[in-house]
Amino acid sequence: MSKQKTKQRKEEYADYRVQTAAPLLEWLLANVKQSKSKIKATLQNRGVKVNQRLVTQYDFQLRSGDKVSVSTSKRNDKFQSSFVKLVYEDKFLVVVEKMPGVLSMPHGRHTPNVKTILDNYFLKTRQKCTAHVVHRLDRDTSGLMVYAKDMQTEQILERNWQSIVYERRYISVLSGLVSDDEGTIANWLKDTKSLHTYSSPFDNGGKYAVSHFRVLKRSDRHSLVEFQLETGRKNQIRVHAADMGHPVCGDIKYGTGDDPLHRLCLHAYVLCFYHPITHQPMEFDTPYPKGFQLV
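All values reported here derive from a predicted model rather than from experimental measurement. (Residues numbered from 1 in each chain as written. Predicted model: local features only at pLDDT ≥ 70, side-chain atom pairs only at ≥ 80, totals over all residues. Heavy atoms only, no water.)

## Observations regarding the overall build of the protein chain
Looking only at helices and strands, the protein chain features 6 helices and 18 strands. Summarising its shape, the C-alpha atoms of the protein chain cover approximately 60 × 40 × 35 Å along the three principal directions. Within the span of the protein chain, comprising 295 residues, buried residues form 49% of the whole. Contacts in the protein chain between residues far apart in sequence, at least 24 positions, make up 61% of those at least 6 positions apart. (Helix = DSSP H or I, 4+ residues; strand = E, 2+ residues; numbered from the N terminus. Buried < 20%, exposed > 50% of the residue type's maximum accessible area, 1.4 Å probe, protein only. Contact = heavy atoms within 4.5 Å.)

## Points about empty space enclosed by the protein
Over the atoms a probe the size of a water molecule is rolled, and this reveals where empty space is left. Inspection of the entire model under this criterion finds 1 cavity of 30 Å³ or more. When its volume is computed, the largest cavity comes out at roughly 30 Å³. His135, Leu144, Arg168, Arg169, Tyr170, Ala268, Val270 and Leu271 together form the lining of the largest cavity. (1 Å grid on protein atoms, 1.4 Å probe; cavity = no way out; pocket = protein on both sides within 12 Å on 5 of 7 lines; lining within 4 Å. Points joined across faces, edges and corners; volume = space filled by probe spheres on them.)

## Looking at unusual backbone geometry
If you check the backbone angles, Asn235 has positive phi at about 60° while not being a glycine. If you trace the backbone, Asn235 turns up in the loop between β16 (222–229) and α6 (236–243). Looking at Asn235, the relative accessible area reads 8%, which means it is buried.

## Some remarks on the nonpolar core
Within soluble globular proteins, side chains that are nonpolar generally end up buried alongside one another. Val96, Leu118, Tyr147, Tyr170, Leu174 and Phe227 are the most contacted members of the largest nonpolar core, which totals 43 residues. Residues in contact with Leu174, not counting those within four places in the same chain, are Arg221, His222, Ser223, Val225, Phe227, Ala241, Met244, His246, Pro247, Val248 and Cys249. Counting residues in each nonpolar core, the second largest holds 35 residues, with Val32, Tyr88, Val134 and Leu157 among its members. (Core = buried A, V, L, I, M, F, W, Y, C linked by side-chain atoms within 4.5 Å.)

## Overview of the packing of helix α1 (residues 24–31) against helix α2 (residues 36–44)
Look at α1 against α2: their axes get within 10 Å of each other, and the N-to-C directions meet at 135°. The angle between α1 and α2 places the two elements in the oblique class. In this structure, the crossing between α1 and α2 has a hand that is right-handed. On the side of α1, the interface is formed by Leu24, Leu25, Leu28 and Leu29, while α2 contributes Lys36, Ile39, Lys40 and Leu43. For the contact of α1 with α2, a count of residues per class yields 6 nonpolar, no polar and 2 charged. (Axes fitted to C-alpha atoms, helices over the stretch in contact; angles between N-to-C directions. Parallel < 35°, antiparallel > 145°, perpendicular 65-115°, else oblique. Left-handed = near helix turned anticlockwise from the far one by under 90°. Nonpolar A, V, L, I, M, F, W, Y, C, P; charged D, E, K, R; others polar.)

## Remarks on the packing of aromatic side chains
Counting across every chain of the model gives 7 aromatic pairs. Between Tyr121 and Phe122 the ring centres are 5.7 Å apart and the planes differ by 50°, which places this aromatic pair in the tilted class. Each member of the pair Tyr121 and Phe122 is classed as buried. On the numbers, 4.8 Å between centres and 55° between planes, the contact of Trp188 with Tyr208 is tilted. Residue Trp188 is located in strand β13 (residues 182–191), and its partner Tyr208 is located in strand β15 (residues 207–218); the two are separated by 20 residues in the primary sequence. Tyr208 gets classed as partly exposed once you look at its relative accessible area, which sits at 38%. Each member of the aromatic cluster is reached from another via a ring pair, and the members are Tyr88, Phe273 and Phe284. (Phe/Tyr/Trp six-rings, centres within 6.5 Å; stacked < 30°, edge-to-face > 60°.)

## Notes on the pairing of strand β7 (residues 67–71)
A regular strand places its side chains so that they alternate between the two faces of the sheet. The buried fraction of β7 is high, at 5 of 5 residues. Here β7 shows two buried faces, one formed by Lys67, Ser69 and Ser71 and the other by Val68 and Val70. As paired elements, strand β4 (residues 48–50) and β7 share 3 bridges and run antiparallel to each other. The partner of Val50 across the bridge, within β7, is Val68. (Pairing = 2+ DSSP bridges.)

See below:
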């Protein structure tokens, strides 16, 4: 495989020569030294050419001898924020990693929030769009989120969220030692007038919620637990963890005051969904926050 730098239409590309036939995405992942999410973003953003022709199809069949040109544009370098990390972007949506303490959307003045940060980025990069909130994370929960760039994409995601999103996983530090290695919690969740969410084993007029959990590690006083959501209800993991008798560490609302890391120890680290426009599977993951493994 040979590689050289060329310039085409003022954009820099890295050129490769295919030696063995393979589907385009599979070949890119095996031969281009970039992260999986970066490669997918480049492909979706029309940054890949095959024999000088733009190609966006993941399953486009490459043949031996084909020339593949991959854009090395660093457009995302224009995105700079200590509150949000840009993970993926195309013309329909963005996927970001939110830091703890940041709101999903504006609420009051001078409060850091993802929507405003994205809107400022779109303005800076001269994109004629705004960030549309599709789902939310609690202010003190960190992790992966998706925002639509237009109303049509937002409506498709909102109306078909349960069928479009096929995997959501969270990592959490829970207070105490969880005895079962894995299990499932299922009940109904409903808010009081003071916006405190409580659970019931019977239908109380609230929303049915299902969480699957798996213990990854135990220390002397805490458990590192992965949650896989079957439903996505407000405060679902925090309430279900409290139902287990092992609330999320740092949870001042449903916890016991156990706060070893001085933050809510809940992080959305896996998000997988079918693209609302192209229908391609999109899979993202982020590392555990620093400290989670050390508790």
